[in-house]
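Residue strings, one per chain:
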Amino acid sequence: MKIGIIGTRGIPNNYGGFEQFAEYLAEGLVKRGIEVTVYNSHNHPFQEQVWRGVDIVHCYDPEDKYGTIGQFIYDLNCIIDSRKRNFDIILQLGYTSSTVWGWLLPFRKSIVTTNMDGLEWVRTKYSKPVRKFLKFAEYLATKFSNHWISDSIGIQEYLEKEYKLQSVYIPYGAFAFENPDVSALEKYQLSPFQYNMLIARLEPENNIETILDGVVESKIDKPFLVVGKHETSFGRYLKDKFKDYPHIQFIGGIFDINVLNNLRYYSNLYFHGHSAGGTNPSLLEAMASGALICAHQNTLTERFLKKMLFILRNLERYLLLYKMYRNQNI
């Protein structure tokens with residue numbers, strides 16, 4: 001069997017959640033005797049043709065030149081290349097910049113399966129026109145695929161309600177971290193359980209600014225590590241805003257899973273502020289590392305929302321009944 005994986009910037013992971021997922025999945029499938037190809041950006045740090053038995057195809061990616069538009073060109077190049085590979089299955093991760101080309105996927109040769117992304121159109125970093133487009137891209141993702149996967153129950157329920165789409169729920173997992181090594185902290189001059197941290201892409205909907213505002217307000221001067229690439233406009237904004245607080249340390253992206261696990265294991269508190277998207281692998285890894293987690297609660301049950309709406313709509317009636325009750329019992 002031949003499987004092609006598209007929709008990521010490539011493996012080994014040098015970016016985010018889908019890349020981490022693709023790395024683990026591809027290696028695991030190869031160990032089971034399946035032929036797997038992963039598409040990488042042409043400027044990915046890993047430039048060889050094979051990684052741990054996984055075939056790597058590098059496609060031209062002009063994102064560094066043209067910004068977001070470059071992602072669309074990269075996805076188009078990957079899809080065009082996939083048409084000549086005779087894959088039995090094409091696994092598409094996400095839809096942000098790929099589903100506009102969905103009609104080009106080789107449906108006659110391959111079974112196309114899409115692992116749906118989170119609610120990308122909710123992300124506040126995007127302008128209203130972009131968010132409108134992302135909602136349309138989400139819709140296209142429900143059309144140009146043979147099968148769909150949701151990595152969270154919330155996304156599965158949303159797709160069923162919004163599009164009457166039946167997707168398969170397949171949760172992410174994480175390996176239990178059982179061999180902590182305190183020497184991993186030496187590079188960062190940290191002491192066990194004497195620092196707090198977060199790991200995230202530096203984007204507004206990950207609530208990093210809110211967390212750091214809380215760090216400042218707490219007046220606790222323990223080191224606070226911000227792990228994630230910060231060479232972005234929002235990253236520069238955060239670094240400038242908190243430059244007068246030396247205990248807040250922007251240490252950039254770390255992609256060595258052993259280092260990350262040790263940092264999480266020995267942290268005092270681990271903050272996870274993500275408020276959009278599906279299941280985030282870094283949260284599962286933090287749980288598997290035994291970290292004490294402060295997480296953003298961003299999912300309410302439908303029953304709770306309906307109850308709140310009912311109360312708001314009938315607020316006057318409740319107030320009137322309450323006043324009558326009070327008058328009768330005076």
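Remember, it's a predicted structure, so these values are computed and weren't measured experimentally.

**A few points about the side chain of Ser-97**
Okay, step 1: With respect to the helices, strands and loops of the structure, Ser-97 is situated in the loop between strand 5 (89–93) and strand 6 (111–115).
Okay, step 2: One polar contact links Ser-97 to Asp-75, side chain to side chain, over a distance of 2.4 Å.
Okay, step 3: Every residue in contact with Ser-97, bar those within four places of it in the chain, is listed here: Gln-71, Phe-72 and Asp-75.

**A look at the environment of Gly-273**
Okay, step 1: Relative to the helices and strands, Gly-273 is located in the loop between strand 12 (269–272) and helix 9 (281–288).
Okay, step 2: Not counting residues within four places of it along the chain, the set of residues in contact with Gly-273 comprises Glu-205, Asn-206, Asn-207, Ile-211 and His-296.

**Points about the sheet that holds strand 7 (residues 147–150)**
Okay, step 1: Sheet architecture is open: eight strands sit in the order 3-4-2-1-5-6-7-8, paired in mixed fashion. Both edges of this open sheet fall to strand 3 (50–51) and strand 8 (168–169), since each of them pairs with a single strand only.
Okay, step 2: Running at roughly 155° to strand 5, helix 1 (residues 17–31) makes contact with strand 1 (2–6), strand 2 (35–41), strand 3, strand 4 (54–59), strand 5 and strand 6 of the sheet.

**Some details on the layout of surface pockets**
Okay, step 1: Taken as a whole, the second largest pocket holds about 170 Å³ of empty space.
Okay, step 2: In terms of lining, the second largest pocket is formed by Asn-196, Ile-211, Gly-214, Val-215, Ser-218, Ile-220, Lys-222, Pro-223, Phe-224, Asn-268, Leu-269 and Phe-271.
Okay, step 3: Looking at the lining of the second largest pocket, the elements with two or more residues in it are helix 6 (208–218) and strand 12.
Okay, step 4: Counting residues per element, the lining of the second largest pocket draws most heavily on helix 6, which supplies four residues.
Okay, step 5: In the lining of the second largest pocket, the residues fall into seven nonpolar, four polar and one charged.

**Topic: unusual backbone geometry**
Okay, step 1: Omega for the peptide link from Ile-11 to Pro-12 comes to -5°, which places this bond in the cis form.
Okay, step 2: Of note, Pro-12 is situated in the loop between strand 1 and helix 1.
Okay, step 3: The phi angle at Asn-207 is positive, at roughly 60°, despite the residue not being glycine.
Okay, step 4: Looking at the element boundaries, Asn-207 is found in the loop between strand 9 (196–199) and helix 6.

**Topic: a nonpolar patch on the surface**
Okay, step 1: Taken together, the side chains of Tyr-60, Tyr-66 and Ile-69 make up a nonpolar region of the molecular surface, amounting to roughly 340 Å² of accessible area.
Okay, step 2: Turning to its location among the elements, Tyr-66 is positioned in helix 2 (residues 63–66).

**Brief notes about the sheet that holds strand 11 (residues 248–252)**
Okay, step 1: With respect to topology, five strands assemble into an open sheet ordered 11-10-9-12-13, the strand pairing being parallel. One side of each edge strand has no neighbouring strand; the edge strands of this open sheet are strand 11 and strand 13 (293–295). Strand-to-strand twist across the sheet, computed as the mean angle between neighbouring axes with direction ignored, equals 20°.
Okay, step 2: Here strand 9 pairs with strand 10 (residues 224–227) via four bridges, running parallel. Residue pairing across strands places Ile-199 opposite Val-227, the latter belonging to strand 10.

**Things to note about the confidence of the model for the protein**
When pLDDT drops low, the exact placement of atoms in the prediction is not to be read closely.
Okay, step 1: Per-residue confidence for the protein gives a mean pLDDT of 88, with 88% of residues at or over 70.
Okay, step 2: Every residue in residues 300–313 scores below 50 in pLDDT, and together they form four contacts with partners more than four places removed in sequence or on other chains.

**Quick word on the packing of aromatic side chains**
Okay, step 1: All told, the structure shown has 13 aromatic pairs when counted by the stated rule.
Okay, step 2: Taking 6.3 Å as the distance between ring centres and 90° as the angle between the ring planes, the aromatic pair formed by Tyr-158 and Tyr-163 counts as edge-to-face. Each of the two residues, Tyr-158 as well as Tyr-163, counts as buried.
Okay, step 3: Residues Phe-193 and Tyr-266 carry aromatic rings whose centres are separated by 5.7 Å and whose planes lie at 55° to one another, so their mutual orientation is tilted. Taken together, the positions of Phe-193 in the loop between strand 8 and strand 9 and Tyr-266 in the loop between helix 8 (257–265) and strand 12 put the pair 73 residues apart, joining distant regions of the chain.
Okay, step 4: What makes Tyr-266 buried here is its relative accessible area of 10%.
Okay, step 5: The structure contains a cluster of three or more aromatic residues connected by ring pairs, namely Phe-136, Tyr-139, Tyr-158 and Tyr-163.
Okay, step 6: The ring of Tyr-15 has Arg-9 sitting right over it, with the charged end atom 4.0 Å from the ring centre.

What counts, and at which threshold
Residues numbered from 1 in each chain as written. Predicted model: local features only at pLDDT ≥ 70, side-chain atom pairs only at ≥ 80, totals over all residues. Heavy atoms only, no water. Helix = DSSP H or I, 4+ residues; strand = E, 2+ residues; numbered from the N terminus. Polar contact = N/O pair within 3.5 Å; in protein donor to acceptor, adjacent residues only side chain to side chain. Contact = heavy atoms within 4.5 Å. Pairing = 2+ DSSP bridges. Axes fitted to C-alpha atoms, helices over the stretch in contact; angles between N-to-C directions. 1 Å grid on protein atoms, 1.4 Å probe; cavity = no way out; pocket = protein on both sides within 12 Å on 5 of 7 lines; lining within 4 Å. Points joined across faces, edges and corners; volume = space filled by probe spheres on them. Nonpolar A, V, L, I, M, F, W, Y, C, P; charged D, E, K, R; others polar. Patch = residues over 30% accessible without salt bridge, like charges linked within 9 Å, V, L, I, M, F, W, Y side chains within 5 Å. Areas by Shrake-Rupley, 256 points an atom, 1.4 Å probe, with all protein chains shown as cover. Salt bridge = Lys/Arg side-chain N within 4 Å of Asp/Glu carboxyl O. pLDDT = per-residue confidence, 0-100. Phe/Tyr/Trp six-rings, centres within 6.5 Å; stacked < 30°, edge-to-face > 60°. Buried < 20%, exposed > 50% of the residue type's maximum accessible area, 1.4 Å probe, protein only. Lys NZ or Arg CZ within 6 Å of the ring centre and 35° of its normal.

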